[in-house]
Amino acid sequence: MGDPKVFKNFINGKWVESKSGKTFENRNPADTDDLVGVFQKSTPDDVNAAIDAAAKAYKKWRLVPAPRRGEILYQVANRLVKEKEAISQQMTREMGKIIKETRGDTQEAIDMTYYMAGEGRRLFGMTTPSEMANKFNMTIRQPLGVCSFITPWNFPIAIPSWKMMPALICGNTIVIKPATDTPASVAYLMKVCEEEGIPPGVVNMVTGSGGALGDALINNPAVKVVSFTGSTEVGRKVSEACATNFKHSCLEMGGKNVQIVMDDADIDLAVDGALWGAFGTTGQRCTATSRLIIHKAVADSMVSKLVERAKKLKVGNGLDESVEMGPCINQGQLETVLSYIEIGKKEGATLVTGGEKLTGGDYDKGFFVQPTVFTGVTQQMRIWKEEIFGPVLGVGTFDSFDQAIEMANDTAYGLSASIYTRDVNKAYTAMRDVYTGIFYVNAPTIGAETHLPFGGTKETGNGHREAATAALDVFSEWKSIYVDFSGALQRAQIDNA
Ligand code: UN1
């Protein structure tokens with residue numbers, strides 16, 4: 001087999017070992033015999049070295065004209081296009097999701113990188129008239145400095161790119177700590193950045209656990225922005241730590257996304273949507289459909305179609321093009337999913353398909369569970385309320401549109417929601433009244449595009465949005481500039497009153 005590939009940290013343009021001298025393994029969740037690589041088990045000292053490098057590089061990078069920064073990002077995007085297949089194959093090996101989806105994940109990073117490269121020639125501010133004569137007013141975006149990123153394993157390159165590309169185009173420098181389950185994808189991105197001309201120190205990567213490194217990533221005084229995607233529980237801690245020193249934080253956290261199906265919906269289309277929303281990425285998306293609520297008049301027919309299709313989904317190693325659902329990311333996540341299945345049964349929901357860990361043959365080498373559907377899920381149940389992050393769909397029913405809206409909003413989270421209906425009035429009413437950051441009509445709860453804001457309400461986020469120009473608001477601050485060319489002292493609110 002040969003020695004496993006050893007990945008180093010990327011600090012100040014160099015690949016370096018951790019000061020700890022320790023490493024950890026990254027194994028394929030579909031086949032734990034497959035060692036993807038060995039990564040540095042970093043220490044806070046490593047993080048601080050990366051932040052120092054980023055702080056030093058910031059002095060020059062912020063002065064590189066934004067269109068020039070954009071040209072470099074454009075080269076990065078071109079390279080990602082060329083290497084899309086290699087990146088995606090490696091990503092399926094480290095994350096487990098099927099190859100079609102990892103290609104999508106890489107494409108999302110490509111889209112984001114081109115999009116932000118283009119922003120290099122926009123980054124619009126505004127001019128507006130002054131209330132005084134012979135005075136000129138304008139706003140410009142200014143970068144903040146070093147940004148720390150703590151990124152999740154479910155979108156190993158897309159989510160890092162959502163944070164990196166807008167930060168870089170605005171003129172910030174970055175330190176990223178990828179999830180311990182999926183560091184290889186970020187290492188690949190670092191290599192591309194290095195080879196396509198991003199100057200040393202502008203992007204840095206330190207691998208290791210969030211528990212060990214989080215404090216340094218957040219509390220080092222040079223860090224001005226912390227962007228985190230992960231659980232609400234950890235996000236709350238990040239938010240509290242940032243608040244003390246007034247650091248900006250952008251948090252993308254949990255979801256308990258709902259698909260509403262009205263009695264006039266195209267049921268086959270709604271079944272397609274629910275399957276993709278609930279079982280795509282093995283349910284491990286913040287945007288995954290985990291609640292399906294169906295009008296009573298069509299519930300039985302929809303559920304029977306859904307169950308028939310869920311039973312047929314081919315589960316296995318995502319490198320096999322015919323496989324439709326991969327494993328859970330790791331043993332811990334598999335156990336969480338299985339424990340929620342037990343909770344659902346105990347709470348009195350009806351398990352209509354799935355519910356078991358998959359065993360035998362190649363399944364024994366990975367963390368596989370069946371696509372699972374519960375019916376009779378009520379609003380009191382934990383499987384209605386809590387994010388599971390696995391292929392478990394809870395189905396409930398309603399009698400009226402108003403009840404559907406009330407049920408949709410009955411969650412602590414607010415990322416994504418969808419409605420299937422042919423009634424334009426109901427579609428628009430739901431668009432207005434379901435309180436989420438993302439809403440779909442006749443489409444599943446997953447599938448956000450990079451040029452629209454991404455994020456959620458309530459316990460999903462802290463008011464910021466990723467992607468689109470909304471991301472520029474996270475990675476720049478407004479400066480309002482007044483230029484008085486009258487040659488005299490003009491006092492606002494006084495001399496013109
Ligand atoms: C996530 O679920 O963490 O909208 C990100 C989607 C993807 C991104 C999901 N484009 O489902």
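Caption draft 1: Quick look at the domain arrangement of the protein chain. Each domain of the protein chain was delimited in the assignment, giving domain 1 (9-253 + 461-480) and domain 2 (257-441). Spacing between the C-alpha centres of domain 1 and domain 2 amounts to 31 Å. Across the boundary between the two partners, domain 1 contributes 26 residues, which contact 27 residues of domain 2. Carbon and sulfur atoms supply 59% of the area that domain 1 and domain 2 bury against each other, a total of about 2,100 Å² over both sides. Inspection of the region where domain 1 meets domain 2 yields seven residue pairs in polar contact (both at pLDDT 80 or more). Those elements giving two or more residues to the side of domain 1 that touches domain 2 turn out to be strand 4 (31-40), helix 3 (84-95) and helix 4 (99-119). Residue contributions to the side of domain 1 that touches domain 2 peak at five residues, all from helix 3. Taken together, the residues that form the side of domain 1 that touches domain 2 break down as eight nonpolar, eight polar and ten charged.

Caption draft 2: Local environment of the site of the ligand. In the vicinity of the ligand, the contacting residues are E108, N154, F155, I159, W162, R285, C286, T287, I446, G447, A448 and F454. Here an oxygen atom of the ligand sits 3.1 Å away from a polar atom, N or O, in the side chain of N154. One of the backbone nitrogen or oxygen atoms of C286 is found 2.7 Å away from an oxygen atom of the ligand. For the ligand, whose unbound accessible area comes to 320 Å², protein coverage reaches 99%.

Caption draft 3: Representation of the nonpolar core within the structure. Within the largest apolar cluster, 60 residues are counted, with the highest numbers of intra-cluster contacts made by M164, M165, L168, I174, I198 and V203. Per element, the largest residue contribution to this core is nine residues, and it comes from helix 5 (residues 158-170). In contact with I174, other than residues within four places in its own chain, are A54, C147, F149, M164, A167, L168, V202, V203 and N204. One finds I293, I341, V369 and M381 within the second-largest nonpolar core, a separate group that totals 30 residues.

Caption draft 4: Region of the structure containing the side chain of E108. Its location among the elements puts E108 in helix 4. Here E108 occupies a buried position and makes no salt bridge, while the nearest side chain of opposite charge, R285, is found at 5.9 Å. In this structure E108 touches F155, A158, S161, W162, A448 and T450, once residues within four positions along its chain are discounted.

Caption draft 5: Layout of the pairing of strand 13 (residues 289-295). With seven of its seven residues buried, strand 13 lies for the most part within the structure. The pairing of strand 12 (residues 257-261) with strand 13 spans five bridges and is parallel. In the strand pairing of strand 13, V261 is matched with I294. With helix 9 (residues 267-279) bridging strand 12 and its parallel neighbour strand 13, the resulting β-α-β unit is right-handed. Examined bridge by bridge, strand 13 and strand 16 (residues 392-398) share five bridges and lie parallel to one another. The residue of strand 16 that forms the bridge with R291 is G394.

Caption draft 6: How the structure looks around the layout of surface pockets. Within this model, the largest pocket holds a volume of roughly 1,000 Å³. For the lining of the largest pocket, the secondary structure elements donating two or more residues are helix 7 (210-219), strand 10 (223-229), helix 8 (232-244) and helix 11 (331-347). No other element matches the seven residues that helix 8 contributes to the lining of the largest pocket. Of the residues that constitute the lining of the largest pocket, the class distribution is 16 nonpolar, 17 polar and eight charged.

Caption draft 7: Just the packing of helix 2 (residues 66-82) against helix 5, in detail. At a closest axis distance of 8 Å, the pairing of helix 2 and helix 5 adopts a crossing angle of 150 degrees. With respect to helix 5, the axis of helix 2 lies roughly antiparallel. Residues A66, R69, G70, L73 and V76 of helix 2 touch helix 5, and the partners they reach there are M165, L168, I169 and C170. Split into classes, the residues belonging to the contact of helix 2 with helix 5 amount to seven nonpolar, one polar and one charged.

Caption draft 8: The arrangement of empty space enclosed by the protein in detail. Considering all chains together, one arrives at two cavities of 30 Å³ or more under this definition. The volume enclosed by the largest cavity comes to roughly 90 Å³. Lining of the largest cavity is provided by 15 residues; of these, G283, R285, A288, S290 and F389 occupy positions nearest its centre. If you add up the space inside the second largest cavity, you get close to 60 Å³. In terms of lining, the second largest cavity is formed by 14 residues, of which the most central are R291, T411, Y413, S416 and T436. Secondary structure elements with two or more residues in the lining of the second largest cavity: strand 12, helix 13 (401-409), strand 17 (413-414) and strand 18 (416-420).

Caption draft 9: Summary view of the packing of aromatic side chains. Tallied over the full model, the rule gives eight aromatic pairs. Between the aromatic rings of F7 and F39, the centroid separation amounts to 4.3 Å while the plane-to-plane angle is 5 degrees, which identifies the pairing as stacked. Highlighted residues: F7 in the segment before strand 1 (9-11) and F39 in strand 4, separated in sequence by 32 residues. F39 shares its class with F7; the two are buried. An aromatic cluster of three or more residues is present, and its members are F7, F24 and F39. Looking at K97, its charged tip hangs above the ring of F155, at a distance of 3.6 Å from the centre. The aromatic ring of W384 is capped on one face by R291, whose charged end is 4.6 Å from the ring centroid.

The rules behind the values
Residues numbered from 1 in each chain as written. Predicted model: local features only at pLDDT ≥ 70, side-chain atom pairs only at ≥ 80, totals over all residues. Heavy atoms only, no water. Domains from an automatic or database assignment. Contact = heavy atoms within 4.5 Å. Buried area = accessible area lost by both parts, 1.4 Å probe. Polar contact = N/O pair within 3.5 Å; in protein donor to acceptor, adjacent residues only side chain to side chain. Helix = DSSP H or I, 4+ residues; strand = E, 2+ residues; numbered from the N terminus. Nonpolar A, V, L, I, M, F, W, Y, C, P; charged D, E, K, R; others polar. Near = heavy atom within 4 Å. Areas by Shrake-Rupley, 256 points an atom, 1.4 Å probe, with all protein chains shown as cover. Core = buried A, V, L, I, M, F, W, Y, C linked by side-chain atoms within 4.5 Å. Buried < 20%, exposed > 50% of the residue type's maximum accessible area, 1.4 Å probe, protein only. Lys, Arg positive; Asp, Glu negative; His and termini not counted. Salt bridge = Lys/Arg side-chain N within 4 Å of Asp/Glu carboxyl O. Pairing = 2+ DSSP bridges. Right-handed = clockwise from strand over helix to strand, strands pointing away. 1 Å grid on protein atoms, 1.4 Å probe; cavity = no way out; pocket = protein on both sides within 12 Å on 5 of 7 lines; lining within 4 Å. Points joined across faces, edges and corners; volume = space filled by probe spheres on them. Axes fitted to C-alpha atoms, helices over the stretch in contact; angles between N-to-C directions. Parallel < 35°, antiparallel > 145°, perpendicular 65-115°, else oblique. Phe/Tyr/Trp six-rings, centres within 6.5 Å; stacked < 30°, edge-to-face > 60°. Lys NZ or Arg CZ within 6 Å of the ring centre and 35° of its normal.

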